[in-house]
There are 2 protein chains.
Amino acid sequence: MTGTLTRAEQKQQTRNNIMAAALKKMSDDKGFSSLGLREVTKEAGIAPASFYRHFANMEELGLALVSEAEEALQAILQDAKALEEKGEDIVESSVQVCMEHFRENGALFRVLAREATGNSPLIRRAIQRCLMTLNHQLAEIIELEMRRRHRKITNPLYMAEAISTLVFNLGIASADLPYAKQKEVEKRLAHHIRIIYWGAEAMANSQHLSRNLMLS
Amino acid sequence: MTGTLTRAEQKQQTRNNIMAAALKKMSDDKGFSSLGLREVTKEAGIAPASFYRHFANMEELGLALVSEAEEALQAILQDAKALEEKGEDIVESSVQVCMEHFRENGALFRVLAREATGNSPLIRRAIQRCLMTLNHQLAEIIELEMRRRHRKITNPLYMAEAISTLVFNLGIASADLPYAKQKEVEKRLAHHIRIIYWGAEAMANSQHLSRNLMLS
DNA sequence: TATTTCAGCAAACAAGTGTTTGCCAATATA
DNA sequence: TATATTGGCAAACACTTGTTTGCTGAAATA
């Protein structure tokens, strides 16, 4: 009838408001665990009690934020995959894309990083699962790329784990640093990844070479 | 005179009790940020008010724990250095030593990992500094080892950063996993590190090689 | 021995917390 | 239009939080 929103849409919107409020509050330095319900509802412009029309408790808010971050991570991966299919240099550009996403909504990823070692076991498990599936997807991309380039490597999943751990931890830790420092981290990350590529390849090839060349 | 402790010793002891109590409370799942003063003092067997005879506030307790963890990290590094000087395979044994330390006092390192992305900026900075000096020390060890083996690599500090990030994050995350899983992580970590060694060496050699090729 | 020092304590304080209740008014449904 | 639904709210509940105050009794000092 009117140009206003339907009831369900309204509800969805204030739900979004709550999540946005939580993120904003976390932007100025604190983690999710030290985030008060009243703080969030105040920022969202609703009464404390109204919170419970949208989430059963604070932990559920945390899980919702995690799954939002999960979607954002998936988006990053899709971008990386697109780059891979275009045949561009995946290392440099992927790191750039990734850091760009981190910058764009840094608070969201900081939730992931913080709560990965945070207080709620439930949330911790959720994040662990999320990162694990991410690793598998990344491994698949790496394998595809390697096949396309007729390279062989030892273990794409291991590579994925190392790369994602580095990008995730170093990247997010630098998200609130000045821009110049961020660019420096970008360079270091690209270097790390390239080293891992070299290493994986060298190790795979060494299995067909004489052992005494590089004895570990 | 008597067999009892002097006053200063007593004070030091209850200070230790407080820190131990905080660690114990954190062992069963929670982070430092969600740790209550009353919780700690109760565990330590003192009144809440007595806490302030030893620390100005909770944040100072956190800093004290960080510096204790720092000492423990230094101990790990000394062990690694000793292994290097003995000429043992540094990768496998270092990872083992490291994980052993993680297991031994896991709660302490979990503080480091959690508060590295935690709520107190003061504590965060302290941890960042700690990890940075650690990287420099590790880089020095790596450089020494490489020189001893007559290998050349690109950048020991980069290697150190990658290795410490991986060991720290993957290692600590697995500290509360079942033993079998821990051993698996140990294997993966050793693999990661070895890959990085291979990669750094391969990259250094390729630079040398391509330069020579261009000359000819 | 007399005096000072000070770790430890109970109690109170001012704010904070998450959550529940009962009600209202606007929307959706019949 | 009448009825049922439900998002939002003020207020209260039952805690828990970090911190301060003034005191006590034992150890250290003179």
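Note: the structure precedes this text.
Analysis parameters
Residues numbered from 1 in each chain as written. Chains lettered and ligands numbered in written order. Predicted model: local features only at pLDDT ≥ 70, side-chain atom pairs only at ≥ 80, totals over all residues. Heavy atoms only, no water. Contact = heavy atoms within 4.5 Å. Buried area = accessible area lost by both parts, 1.4 Å probe. Salt bridge = Lys/Arg side-chain N within 4 Å of Asp/Glu carboxyl O. Helix = DSSP H or I, 4+ residues; strand = E, 2+ residues; numbered from the N terminus. Near = heavy atom within 4 Å. Polar contact = N/O pair within 3.5 Å; in protein donor to acceptor, adjacent residues only side chain to side chain. Nonpolar A, V, L, I, M, F, W, Y, C, P; charged D, E, K, R; others polar. Least-squares fit on C-alpha atoms with pLDDT ≥ 70 in both. Phe/Tyr/Trp six-rings, centres within 6.5 Å; stacked < 30°, edge-to-face > 60°. Buried < 20%, exposed > 50% of the residue type's maximum accessible area, 1.4 Å probe, protein only.

**Considerations on the interface of chain B and chain A**
Opposite the 37 residues of chain B that make contact, chain A presents 37 residues. Roughly 3,500 Å² is buried in total at the junction of chain B and chain A, and carbon and sulfur atoms are behind 61% of that figure. If you look at where chain B meets chain A, you find two salt bridges. Two residues, Glu161 of chain A and Arg188 of chain B, come together in a salt bridge whose shortest N-O distance is 2.7 Å. Broken down by element, the side of chain B that touches chain A gets its largest block of residues, 14 residues, from helix α8 (residues 179-215) of chain B.

**Re the protein's contact with DNA strand C**
Inspection of the region around DNA strand C gives 20 residues, with Arg7, Arg38 and Tyr52 of chain A together with Arg53 and His54 of chain B positioned closest. Restricting attention to atoms of DNA strand C within 4 Å of the protein, one finds that 50% of them are sugar or phosphate atoms. Arg7 of chain A places a main-chain nitrogen or oxygen 2.5 Å from a phosphate oxygen of DNA strand C. Of all the secondary-structure elements, those providing two or more residues to the surface near DNA strand C are α2 (37-44) of chain A together with α1 (7-27) of chain B. Looking at which element gives the most residues to the surface near DNA strand C, the answer is α1 of chain B, with three residues. Of the residues belonging to the surface near DNA strand C, the class tally is seven nonpolar, six polar and seven charged.

**Overview of the relation of the copies chain B and chain A**
Superposition of chain B onto chain A requires a rotation of 180° combined with a translation of 0.0 Å along the rotation axis, giving an RMSD of 0.1 Å. Within this description, the copies of the chain are treated as partners about a two-fold rotation axis. Within chain B, the C-alpha atom positioned nearest to the axis of rotation is that of Gly199 of chain B, 1.7 Å from it. Both copies contact each other with a shared surface, as 86% of the interface residues of chain B are interface residues in chain A too.

**Here we look at the protein's contact with DNA strand D**
For DNA strand D, the set of nearby residues contains 20 residues, the closest of which are Arg53 and His54 of chain A together with Arg7, Arg38 and Tyr52 of chain B. Within 4 Å of the protein, the contacting atoms of DNA strand D are 48% sugar and phosphate, with bases supplying the remainder. Measuring from a phosphate oxygen of DNA strand D, one finds a side-chain N or O atom of Thr14 of chain A at 3.3 Å. One nitrogen or oxygen atom from the side chain of Tyr52 of chain B is found 2.7 Å from a phosphate oxygen belonging to DNA strand D.

**Overview of the packing of aromatic side chains**
Taken as a whole and judged by the stated rule, the model has six aromatic pairs over all chains. On the basis of an interplanar angle of 35° and a centroid distance of 5.5 Å, the ring pair of Phe51 of chain B and Phe55 of chain B is categorised as tilted. An identical accessibility class is assigned to Phe51 of chain B and Phe55 of chain B; each is buried. Taking 5.0 Å as the distance between ring centres and 65° as the angle between the ring planes, the aromatic pair formed by Phe102 of chain B and Phe109 of chain B counts as edge-to-face. Each member of the pair Phe102 of chain B and Phe109 of chain B is classed as buried. Taken together, the aromatic side chains of Phe51, Tyr52 and Phe55 of chain A make up a single cluster linked through ring pairs.

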